[in-house]
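Report on the structure
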Amino acid sequence: MKISIKLFLLFLSFSILFLFACKDSTVNPIAETSFYPIGVGNSWKYNFKDYDSTGALVYEGPFDETFIYARMKDDQLVYQFDSPLNPPSPDCCDYRYYFQNKNDGVHCLVSSDSTGYWIYDYLLYKYPCIENDFFTNGRNDYDTTFVISLNDTVVCDVGIFECIVYKNITRDFEDTTFTKILGFSYTYVAKGLGKVKYELYWNNSLGEFYKTYEYSLVSYTLK
């Protein structure tokens, strides 16, 4: 799939941001495993749309996200998540992205194959949750994710789903006031199915937010 230079730069900024988000994290017994179906072979096919700052569609095409491998961390399984939208690895390291269900929801973890270290572990989707819940992540907890709905209806090619909606606000980690917002995104997650839809809005040179890209579910396989 062709991905624009614009997207590459966005992913690179995410990679730099998360590089410094290291935290000690204790793996707890899983309280709820049916929320997000994490397992080797589970996959989702999406229709991806990329827009320029005027709102014009510049690219449309398919892409897949899949759990391809499982490994142990702290005596529990974590699952490698393969996606064309994963931030690129820096020159120094070969990063691998993993998901894991924990007591407070779904975590994303990153390891460096070249060093053998775990780089970071952050909460991606809080669950169980209530409306107006929020949690922080990113470098020095600059980013904030809000639970803005528990039952939003999403229509996509594969069906109609009731979703939890997470709004993530990405702040400029060079801004010590914590007030400069680079962009925000909406992630729509259906219980027992996973991510159904995603929308990213980014700041242009005029300080206006525009939809940079979005994708919605076309088909899925759960094993």
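Residues numbered from 1 in each chain as written. Predicted model: local features only at pLDDT ≥ 70, side-chain atom pairs only at ≥ 80, totals over all residues. Heavy atoms only, no water.

Structural notes on the environment of Leu109
Relative to the elements of secondary structure, Leu109 occurs in strand E5 (residues 105–112). Leu109 gets classed as buried once you look at its relative accessible area, which sits at 0%. Sequence separation between Leu109 and Leu124 is 15 residues; the distance between their C-alpha atoms is 9.6 Å. With sequence-adjacent residues up to four places away left out, Leu109 is seen in contact with Lys73, Val78, Arg96, Tyr97, Tyr98, Phe99, Gln100, Trp118, Tyr120 and Asp121. (Helix = DSSP H or I, 4+ residues; strand = E, 2+ residues; numbered from the N terminus. Buried < 20%, exposed > 50% of the residue type's maximum accessible area, 1.4 Å probe, protein only. Contact = heavy atoms within 4.5 Å.)

Describing the pattern of salt bridges
Summed over all chains, the structure comprises 9 salt bridges. A salt bridge links Lys197 to Glu199; its shortest N-O distance comes to 3.6 Å. Relative accessible area serves as the criterion here: at 21%, Lys197 is assigned to the partly exposed category. Through salt bridges with shared partners, a single network forms among Lys197, Glu199, Lys211 and Glu214. (Salt bridge = Lys/Arg side-chain N within 4 Å of Asp/Glu carboxyl O.)

Let's talk about the packing of aromatic side chains
Taken as a whole and assessed by the stated rule, the structure comprises 27 aromatic pairs. Ring geometry for Phe35 against Tyr36: centres 6.3 Å apart, planes inclined by 65 degrees, an arrangement best described as edge-to-face. Their ring planes at 35 degrees and their centres at 5.8 Å tell us that Phe134 and Phe146 sit as a pair that is tilted. You can see Phe134 sitting in strand E7 (residues 134–137) and its partner Phe146 sitting in strand E8 (residues 143–156), a full 12 residues away along the chain. Site record: aromatic cluster; members linked through ring pairs are Phe35, Tyr36, Trp44, Phe67, Phe81, Phe99, Tyr125, Tyr127 and Tyr166. Lys73 extends its terminal NZ or CZ atom over the ring of Trp118, reaching a point 5.5 Å from the ring centre. Sitting over the face of the ring of Tyr188, Lys197 holds its NZ or CZ atom 5.6 Å from the ring centroid. (Phe/Tyr/Trp six-rings, centres within 6.5 Å; stacked < 30°, edge-to-face > 60°. Lys NZ or Arg CZ within 6 Å of the ring centre and 35° of its normal.)

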